[in-house]
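What the coordinates show
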Amino acid sequence: MGNKVLMLAAKANMIQQFNHRNIKILQSMGYEVHVATNMIDFGSMSAEENERLKIWMDENNVIAHQVDFERRMGSLKGNLHSIKQLKQIFSNNKFSFIHVHSPLGGILGRIVAKQFHVPVIYTAHGFHFFKGGPKSGWLIFYPLEWFFSFITDTLITINNEDYALAKKHMHAKNIVKIDGIGVDVKKSWHVTDSEKKKARKKIRKELNIPENAFLISSVGELSDRKNHKIVLDALKLMDYESLKNIIYVVAGTGNNNVNLEKIAESFNFNDSFKLLGYRTDIHDIHYASDIFVFPSFQEGLGVAGLEATLDGTYLLGSNIRGISDYINNGNGESFDPNDNKKLKKILERCIETRPQVSVEDVKFLNKYDISVVDEIMKNTYAEYL
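Residues numbered from 1 in each chain as written. Predicted model: local features only at pLDDT ≥ 70, side-chain atom pairs only at ≥ 80, totals over all residues. Heavy atoms only, no water.

The number of helices and strands found in the chain is 16 helices and 13 strands. Taking 385 residues into account, the globule formula puts the C-alpha radius of gyration at 21 Å, and the chain, at 22 Å, falls close to it. In terms of principal-axis extent, the alpha carbons of the chain reach across some 65 × 40 × 40 Å. Counting only residues that meet the buried cut, the chain has 56% of its 385 residues in that class. Across the chain, every contact between residues at least 6 apart in sequence was considered, and the portion connecting residues at least 24 apart equals 71%. Total accessible area on the chain stands at roughly 17800 Å², and carbon and sulfur atoms take up 51% of it. One way to put it: in the chain the 48 positive side-chain charges average out to a point 3 Å from where the 45 negative ones average out. (Helix = DSSP H or I, 4+ residues; strand = E, 2+ residues; numbered from the N terminus. Rg over C-alpha atoms; globule rule 2.2 N^0.38 Å. Buried < 20%, exposed > 50% of the residue type's maximum accessible area, 1.4 Å probe, protein only. Contact = heavy atoms within 4.5 Å. Areas by Shrake-Rupley, 256 points an atom, 1.4 Å probe, with all protein chains shown as cover. Lys, Arg positive; Asp, Glu negative; His and termini not counted. Charge placed at Lys NZ, Arg CZ, Asp CG, Glu CD.)

Time to look at the environment of Leu165. By the secondary structure assignment, Leu165 is in helix 7 (residues 160–169). Taking the relative accessible area as the measure of exposure, Leu165 reaches 11% and is therefore buried. Spatially, the C-alpha atom of Leu165 lies 9.1 Å from that of Phe130, the residues being 35 residues apart in sequence. Here Leu165 is in contact with Phe127, Phe129, Trp138, Tyr142 and Met170, once residues within four sequence places are set aside.

Here we come to the nonpolar core. Core analysis: the largest hydrophobic core is formed by 90 residues, its most contacted members being Leu235, Phe269, Leu316, Tyr326 and Leu347. Ranked by residue count, the leading element in this core is strand 9 (residues 246–251), at six residues. Sequence-distant contacts of Leu235, defined by excluding residues within four places in its chain, comprise Ile216, Leu243, Ile246, Tyr248, Phe267, Phe269 and Leu347. Of all hydrophobic cores here, the second largest spans 32 residues; its members include Ala10, Ile98, Val100 and Val118. (Core = buried A, V, L, I, M, F, W, Y, C linked by side-chain atoms within 4.5 Å.)

The next thing to look at is the packing of helix 5 (residues 103–115) against helix 6 (residues 135–149). Across the interface, helix 5 lies against helix 6 with an axial gap of 11 Å and an inter-helix angle of 30 degrees. By the angle between their directions, the pair helix 5 and helix 6 is classed as roughly parallel. Here helix 5 runs over helix 6; the crossing is left-handed. Residues Pro103, Ile107, Arg110 and Ile111 of helix 5 lie in contact with helix 6, whose contacting residues are Phe141, Leu144, Glu145, Phe148 and Ser149. For the contact of helix 5 with helix 6, the per-class residue count stands at six nonpolar, one polar and two charged. (Axes fitted to C-alpha atoms, helices over the stretch in contact; angles between N-to-C directions. Parallel < 35°, antiparallel > 145°, perpendicular 65-115°, else oblique. Left-handed = near helix turned anticlockwise from the far one by under 90°. Nonpolar A, V, L, I, M, F, W, Y, C, P; charged D, E, K, R; others polar.)

Written out as structure tokens, the structure reads:
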């Protein structure tokens, strides 16, 4: 391999969740790929996933550098320490360019890259300021993103709203839009109805869910941001007879499990509410479900909802950027993530009608396919050859 490139994120989960294919693209173009991230305090993934990432990087000849990035935006002392570590990495390696992710990694990476005259690609995985978002995001993150856009060579956005905002207000030399990080659209469309029925039967048997029960599912970290609470709040408004045939399952890990279980228990729904933990069979859970609810307050481009609707599950999603991008009248509907009464009405209608989603209903989602996203990324990287 010839030229070197650095992939940088504050936490290792950003590499694990979003950059395997980017790394392989860079290697296919002849680059020696380095990764700088925090693999000790590794972010929102399990310790097992973190170990799998380390093994994957080792097996794929990726050179890893531990940088002690702190949580969120870090402290002054911690950030100065991280900058010192990054300077050492830059001193020891002549990078053709760097590709940075996450607000903190993006800022510190660009500071050091500027000092070493190294071009920067920055992927914004959803700006922390957006229509309807908290004022704190606009007061803190908008000025930061605006300021550091002046030392950004290529800014990549992953949803419609961020792209429009970046074109209007940011000052990167190039602004590129990709539709999320890419999902395997074509593979989803090739799963047969018989395969889906088999998976549905398997999951329902494992979870002891009757075939005629109305199964609602969600996927995501058990956190305030993912907002699973509103689904329980909506169900709590229903009468006892309606609730008897409803099951709600959530696949994911996090700190809100006790709080969610208490809410379910408060209206005697605890036997019908199941926290599944980390699952590797999410597609099968989609096939077993009657609807999928994605109630997040904030997403860059929410993969969980996108994968659910591509699998043919009717989608109820928050009316925010990064989710509403891929919902139309055929494959689902949007709701205010603060309005449990509106969600209750939509759920009641879905329970009555049991809406179906066909491949034709999601044909417009082809732009999210990994082949389309990877081609844009390859062309973006090629600008720096």
